[in-house]
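Letter by letter, the chains look like this.
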Amino acid sequence: MMLAQSGVEIRDRSDASCVADNGFCPRWIADNLDRYADPLLQHVYLTLVSVAIGFAVAAALALLAHRRRWLVGPIVNVTGILYTIPSVAAFFLLLPLTGRGNTTAIVALVAYTLLILFRNMIDGLDGVPEESRDAGRGMGLTRRQLLWRVEVPLALPAIMTGLRVAMTTTVGLAALAFFAGAGGLGAEINADLAFKSNVVVASALCLLLAAALDGAILLAQRALTPWSRAA
Amino acid sequence: MPAALELQNVTKQYPGAGGAPAVADLSLRVEPGETCVLVGPSGSGKTTAMRMVNRMVDMTSGDILIDGRSVMRSDPAELRRHIGYVIQNVGLFPHRTALQNIGTVPQLLGWPRERIVARARELADLVGLDPALADRYPGQMSGGQRQRVGVARALAADPPLMLMDEPFGALDPITRDHLQGEFERLKERVSTTIVFVTHDIDEAIRLGDRIAILREGGGLAQYATPGELLLHPADAFVEEFVGADRALKRLALMQVSDCELEPVGAVPAGSAAMRDDTSLRDALAALLSDPDGRLPIVDAEGRPIGVLALETVHAKLRVEAGAPSPG
Ligand SMILES: Nc1ncnc2c1ncn2[C@@H]1O[C@H](COP(=O)(O)OP(=O)(O)OP(=O)(O)O)[C@@H](O)[C@H]1O
Ligand SMILES: [Mg+2]
């Protein structure tokens, strides 16, 4: 994973073929695919951990702000500022604090997901029909039961939409994590930007990863909210 | 066991409503097993009055007793689990199927799973919900089907008291009539005290054992049985609210069998016979279109028992009006 930083060439330029010509070489790709396995796994790791932590933090904030509406404004402002800091800048800002490596990358990626996740959670909770809430109270649900049995389930479609956006954005941003020394597919792309085969494979893996994660969430959403397609 | 309900000088003043209370000094008593219909123009405080019973709205003053015990002494959530509630606009949970919606309160009460499902099916059947709809979501049901689920949900835990806020509102007249008919049958099969809100006086007369007419500002204009209300409206407001066709509405409450029939015999040929459990209102309509104003009457087995004459119906109305008000 540290290949890029240590300056090791990923191709053999002595071979006077398509590889030396910076070309797109299916043979080379087939032979070298396994070199992308570790960076891909690292990319998946960065993405999932960041989104998971971001989701937990955003959920805690949303639950707090759901009861105390005045918190929504300040939380949106703060997470909004985090959202607008360019990620590369965030990596460099964090380096003195957390050093090179996963921690720095994850902290920056988490910060980036918060606004999207929080806003969708709040929008989802706000979108719960008043009459459902009223019926729930009228049936004798306590506030806690109302939250977990009525409000959260009804907010799920919006929450899952936020999760999808956060997930795909994070896959993209994790491609810059190598600036923080956290590897990932971005490190591979950067290792030999001039070699088309390399750039194509690494980028394609990024796209596939984003599509796969997006699809997984979509499937989960279908399973969790069968009623939303019915309505 | 159906509960007794008593409202004692109940007043609700919403904050910032400029001094006018939504419900003013309302007192009424509903006997166990009775259906009390709250009726009145829009904004007369019907929903407010009803929602104070299960503490969805906090009363400003007065007290509400269920079986002699003040609702203020119960925890609101606990109280509500023992009072069936059909909210205005039904309010089914969109993310739960028909059966799951019906099982809401039993689930809160911690019934075992199988018992909840069995009870939900039983109620779906009781309110005439097509079994094929059991696993549908509210978004996949028609308005009438949702209303049935709403009623079944309120009945699920066999509550001693049930509150129904315009359960058949927003339905076409045919479906509404159909559901009202089912409600009448349902009332015979469940023993529960019912408070029923509507702004439709005909629905009130049809379904209520007693009717409370509220006027704008939430005051009680009259509290009486349907018959008494039609016969002796307390004031001009009630008279107007009940409508100019009071006599016809009274006839709708009586049956052919309530009249003295003329002996069988002089029945004009060609007149179709009418059963003695027909309402006098329908009988009158038939009499008016009969050339002689006389109709043969048969009992439930189709045996001729007499002849009903137009004059008899007219006389019946006058006798009723002249007699002291019925219990
Ligand atoms: N939450 C509230 N806050 C302030 N005022 C309210 C509130 N709910 C109802 N009101 C007012 O109280 C009065 C009675 O309202 P309520 O809903 O009880 O009438 P209703 O008889 O049920 O009318 P409808 O037939 O239209 O349902 C109205 O003037 C209404 O505007
Ligand atoms: Mg109302």
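Residues numbered from 1 in each chain as written. Chains lettered and ligands numbered in written order. Predicted model: local features only at pLDDT ≥ 70, side-chain atom pairs only at ≥ 80, totals over all residues. Heavy atoms only, no water.

1. Here's the deal with helix α6 (residues 143-155) of chain B
Put simply, the rule is: Numbering of helices and strands runs from the N terminus, with a helix taken as a DSSP run of H or I at least four residues long and a strand as a DSSP run of E at least two residues long. Any helix carries an expected span of 1.5 Å times its number of residues minus one. Exposure is judged per residue with a 1.4 Å probe applied to protein chains only, and the accessible area is read against the type maximum: over 50% gives exposed, under 20% gives buried, and values in between give partly exposed.
Along its 13 residues, α6 of chain B runs 19 Å from first to last C-alpha, staying within 8% of the 18 Å computed at 1.5 Å per residue. Along α6 of chain B, ten of the 13 residues are buried, which leaves the element largely enclosed by surrounding structure.

2. Quick look at the pairing of strand β1 (residues 5-12) of chain B
Residue and element names in this part refer to chain B. This is how it is decided: Here, any two strands with at least 2 DSSP bridges between them count as paired.
The sheet contact formed by β1 and strand β4 (residues 61-66) spans five bridges and is antiparallel. The partner of E6 across the bridge, within β4, is L65. For β1 and strand β2 (residues 23-30), the ladder comprises five bridges, and the chain directions are antiparallel. Bridge pairing in β2 places L7 opposite L28.

3. Remarks on the domain arrangement of chain B
Residue and element names in this part refer to chain B. Threshold: For the domain bounds, the source is a domain assignment made automatically or taken from a database. Throughout, a contact is declared for two residues whenever any of their heavy atoms are within 4.5 Å. Throughout, buried area stands for the accessible area (probe radius 1.4 Å) lost by two parts on being put together, summed over both. Every case where a carboxyl oxygen of Asp or Glu lies within 4 Å of a side-chain nitrogen of Lys or Arg is listed as a salt bridge. Here a polar contact is recorded for every N or O atom pair within 3.5 Å, except that within protein the pair must consist of a potential hydrogen donor and a potential acceptor, and residues adjacent in sequence are included only if both atoms are side-chain atoms. Only Asp, Glu, Lys and Arg are considered charged in this grouping, and only Ala, Val, Leu, Ile, Met, Phe, Trp, Tyr, Cys and Pro are considered nonpolar; every other residue, Gly among them, is considered polar.
Per the domain assignment, the segments making up chain B are domain 1 (5-250) and domain 2 (253-320). Computed from C-alpha atoms alone, the centre-to-centre distance between domain 1 and domain 2 is 36 Å. Listed as interface residues are nine residues of domain 1 and, on the opposing side, six residues of domain 2. If you sort the residues of domain 1 by the area they bury against domain 2, L231, L248 and R250 come out on top, with a joint share of 69%. Linking domain 1 with domain 2 are zero salt bridges, by the criterion used here. Taken together, the connections running from domain 1 to domain 2 amount to four residue pairs in polar contact (both at pLDDT 80 or more). Contributions of two or more residues to the side of domain 1 that touches domain 2 are made by α9 (226-231) and α11 (246-253). Considered class by class, the residues forming the side of domain 1 that touches domain 2 number six nonpolar, one polar and two charged.

4. Some details on empty space enclosed by the protein
Counted only if it meets this: Both cavities and pockets are sets of points on a 1 Å grid over the protein atoms alone; in a cavity a 1.4 Å probe fits but cannot get out, in a pocket the set is open with protein on both sides within 12 Å along at least five of seven lines, and lining residues sit with an atom within 4 Å of a point. Grid points are joined across faces, edges and corners, and a volume is the space filled by probe spheres set on the points.
Counted under the stated rule, the structure contains three cavities of 30 Å³ or more. Approximately 70 Å³ is the volume attributed to the largest cavity. Looking at the largest cavity, it is lined by 13 residues, and the ones nearest its centre are I83, G84, V105, R153 and A154 of chain B. Breaking the lining of the largest cavity down by element, the ones donating at least two residues are α7 (130-139) of chain A together with α2 (76-81), β6 (83-86) and α6 of chain B. A per-element tally of the lining of the largest cavity places β6 of chain B first, with three residues.

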